[in-house]
Amino acid sequence: MGLFRPVLICLLLPGGALGQLLTENPLDAVKNQVDEVLRDAGDPFTAEQERRITLLLEDQRRASEELFGEIMDFSSGVPEGADQDRAIAAIQWIHDAFRRRLSEYLTPSQRAAWEAFESSGVAIGAEIEGAVPGADTARIQEIRVTNNPFSAESDVTFASRWPVETLRTEIIERGGAGAFHGNLSMAFQDDVLNARNPAATNKPSYRERTISGNISGPVIRNRLTATLSLRDNRRENVGTVNALTLDGPFTLGITRPNVNRSYAGRGILQIGESQSLHFGVEFGQGSRENLDMGDFTLPERGSNADSHSTDLDLRHLWILSERSVYETRFSWRKDRSETRPITTGVAINVLDAFNGGGGQLREETDGATYEFGNLLYRTGDRLTLRVGMNGIYRTEVLLHEANFLGLFTFSDLESFRNGRPRQYDVNRGNPLLEMDQLDLGFFVQNDFQLTSRFTLMFGTRYQWQTNLSNKHDVDPRLNFAYAIGSSTVLRGGAGIFHTRFPLAGFEELARFDGTRQFGLRVSEPGWPDPFQSGDAEIVPPPSRYVATADLTTGYFITQNIAIEQNLPGNLFLTLSYDRSRSMGNRRIRNINTPLPGTITEESPDGIKPFPNEGDIIERRSTGVTVFQNVRIHARQRFSVFNVVANYRFNWGYSDGRGSFPASDAYDLGADWGRSEQFPEHDFTAGFNSRLPLDVYLTTTVSARSGDIYTITTGTDDNRDGFFTDRPVGEPFNGATGPNYFALGFNLSKAFQLGQATGIGATGPRLSIFANVNNAFNRTNLRAPSGVMTSRNFGRSTSAYAPRGIEVGMRFQF
């Protein structure tokens, strides 16, 4: 009963809003009016007409519902006036565009009956809940609705983002339109409101506050819109250290102070009726303290970091004709970051007991990123064409000192007590590196309406990048939508999505090439001098990183099939199945691991393929991940009480991940097992309701299967330098931690402070709100320790966040 009681409470709490009437989607209202007019005229829709209009209605309906969701989002108080006006104007724009398209689906006699009704002066559509009288729809220049997850425009695959979001609504506004709006808000948390983390014995002092504000509006009517904004966030992310030392358990609640500030200016210049220039500049700075500490890592191993950035972006939009649009984009980002250890010295790791000693990372990065692209968008009667390209150029100057002071690794506390380390690692060489990379992509996308009930979407993308010998990636993609009936749509598709090989991966290969930098690794080193064992001096050969000749970008082969059903009461239901096979994933192995069967009592170090070299860490593109997913999605929108719920049943397998070294350098398939990215069961739901006195309540539910993790021996049995060895018969990611469940609430209330003046204005308002996360303070433990030599083996030493309460207020006009 412990799990069902909070679920029942969460379902009952929003009950005060059940008596409220639903707000009808304006598109449904138009469609219902047309039905009624045609029936009264004795010329109703035929079954074929109902099916023909389904695809047009469905995509536009979902876009307007998505925008209505922004109007009903009270998580930070009443939605900002500018955002609310924009969403309402966009909904009205979609409504008007749908009315214009309706005549294409009517017979001459039906069209005459409907036009006579329109000219009678009767209101068309439905009143939008929360609409501002006089909202200016002329501020919308264009709205693009894309309901194709396999679009060739995309350079990433939806398979890497779950849940799948297939609908994308982009609103392009005109310059100099709309009303003036401004807001100033503050949100606050502290340790008085929050609960103690169950994995810590103390409750550290905690503060978080966020101040944000903006002012926007037409500086020059019908010509220029400007927006100025600022945001200052100071928070102390809470964590826990739960370690075992020679002095006994060490448990401490910690905070990680984090400050982020940004100042931005944006604008829209309407050059003419058909051209506009969107521009913006933003300055950001941040600082983070007490990084890298937590779990088994003691505070002495922490580090601090600072960052600064400047962003500039430009976008020119040119409407060539009623059916053609051309746009160009350019952005520039200059950034600098620096990371410094709090203390310096030799590091000590005792597996799943404690990580102590000095910090091991000092890094400075100066970088610049240039992004550019263009798009030609052409809409025909039956064919929509998109042709374009995009590119990213990144350059970095990087000073990277990692583990330049050395790291001792011990299997357990007893080994540490007796001074018997299992391994010592240290890096040496030149830490300075300068690199760059260029990525280009070219695409063509066609959406062809074969019949009024069937749309076929097909396209191809070509990607190219420097730093790889294989630079040519071609991605064909196909998608379709078929209206089975007046309220049912079948969708499906397949495609290939190549990923980019990140610049950081090439930097690592260039840095540890054995000349610029190299590593030294000593097995069974001396203590405290790792290079002195007994009377003998140890001189290990240097280690280096290499890449296979066929190193390439990875790619996904994805398939999707979904059925969408509209039900009474504005309820929308989707049942979908997705499958993705990821090929060419990056893998890591030590190709100078002792040969199988050569490690014996007489020869504990075995026989290496390259006996005069140290470790040779190879990067290769041979990893595979297979993922399948069944998802049920339900939502109810355009309602003062609405529900959005998702349930996913996942099963995913892989042969390891890029940052996880292979446990057997000579049998990479030995790491085939469950993927920790995908919990087997995953459920989320949100309930939005309006209570008496115009108080809004949002209830969220999150439940999922436990974290997936791997059991390891805690020793380097095969002498490859990685402590990833597993007991015989133990699969990779074969263990599962405790399940996760949490409830959250948001309450908000707005007070009108004065009368509205001007078209689209809402008048000054003050709203107060409170967000409660993990409201019942349920203890959600993270994965237990999987290291068999640790005293913590099988025990969870950390937990997800306890109850946290954020309160705030916003003034806006």
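Residues numbered from 1 in each chain as written. Predicted model: local features only at pLDDT ≥ 70, side-chain atom pairs only at ≥ 80, totals over all residues. Heavy atoms only, no water.

Draft legend 1. How the structure looks around the environment of F448. With respect to the secondary-structure elements, F448 resides in strand β16 (residues 432-451). Along the backbone, F448 and G239 are 209 residues apart, and their C-alpha atoms lie at a distance of 53 Å. The residues contacting F448, other than those within four sequence positions of it, are R382, L383, F454, T455, L456 and F458. (Helix = DSSP H or I, 4+ residues; strand = E, 2+ residues; numbered from the N terminus. Contact = heavy atoms within 4.5 Å.)

Draft legend 2. Representation of unusual backbone geometry. Going from W527 to P528, the amide bond is cis rather than trans, its omega being 5°. Locating P528 in the fold gives a position in the loop between β20 (517-523) and β21 (532-533). Positive phi is not limited to glycine here, since N222 has a value of about 65°. Phi is positive for N467, which is not a glycine, with a value near 75°. Following the sequence through the fold, N467 ends up in the loop between β17 (454-465) and β18 (473-483). With relative accessibility at 35%, the residue N467 sits in the partly exposed group. (Buried < 20%, exposed > 50% of the residue type's maximum accessible area, 1.4 Å probe, protein only.)

Draft legend 3. Layout of the pairing of β16. Relative to β16, strand β13 (residues 383-402) is paired through 17 bridges, and the arrangement is antiparallel. Opposite E396, over in β16, you have M435 as the bridge partner. Summarising the sheet, β16 and β17 pair through 12 bridges and their orientation is antiparallel. Bridged to T451 within β17 is F454. Counting the residues in the hairpin turn of β16 and β17 gives 2 residues. (Pairing = 2+ DSSP bridges.)

Draft legend 4. Fine view of the pattern of salt bridges. Inspection of the entire model under this criterion finds 47 salt bridges. As a salt-bridge pair, D682 and R648 come within 2.5 Å of each other at their nearest N and O atoms. Of this pair, D682 sits in strand β29 (residues 681-691) while R648 is found in strand β27 (residues 642-654), placing the two residues 34 residues apart along the sequence. Taken individually, D682 and R648 each receive the classification buried, so the pair is uniform in this respect. Via salt bridges that share partners, E142, R144, E170, R315, E327 and R329 belong to a single interconnected network. (Salt bridge = Lys/Arg side-chain N within 4 Å of Asp/Glu carboxyl O.)

Draft legend 5. Quick peek at the nonpolar core. Of all hydrophobic cores here, the largest spans 32 residues; its most connected members are V34, L67 and F98. Contributions of two or more residues to this core are made by α2 (26-40), α3 (47-71), α4 (81-102) and β1 (140-147). Of the residues forming this core, the biggest block, 8 residues, is contributed by α4. Excluding its chain neighbours within four sequence positions, the residues that come into contact with V34 are F45, L102 and W114. Core analysis: the next-biggest nonpolar cluster, separate from the first, contains 19 residues, V241, L244, M293 and F354 among them. (Core = buried A, V, L, I, M, F, W, Y, C linked by side-chain atoms within 4.5 Å.)

Draft legend 6. View of the side chain of N197. Looking at the element boundaries, N197 is found in the loop between β3 (181-190) and β4 (207-220). For N197, a relative accessible area of 10% gives the class buried. What N197 contacts, discounting residues up to four positions off in sequence, is T240, A799, Y800 and P802.

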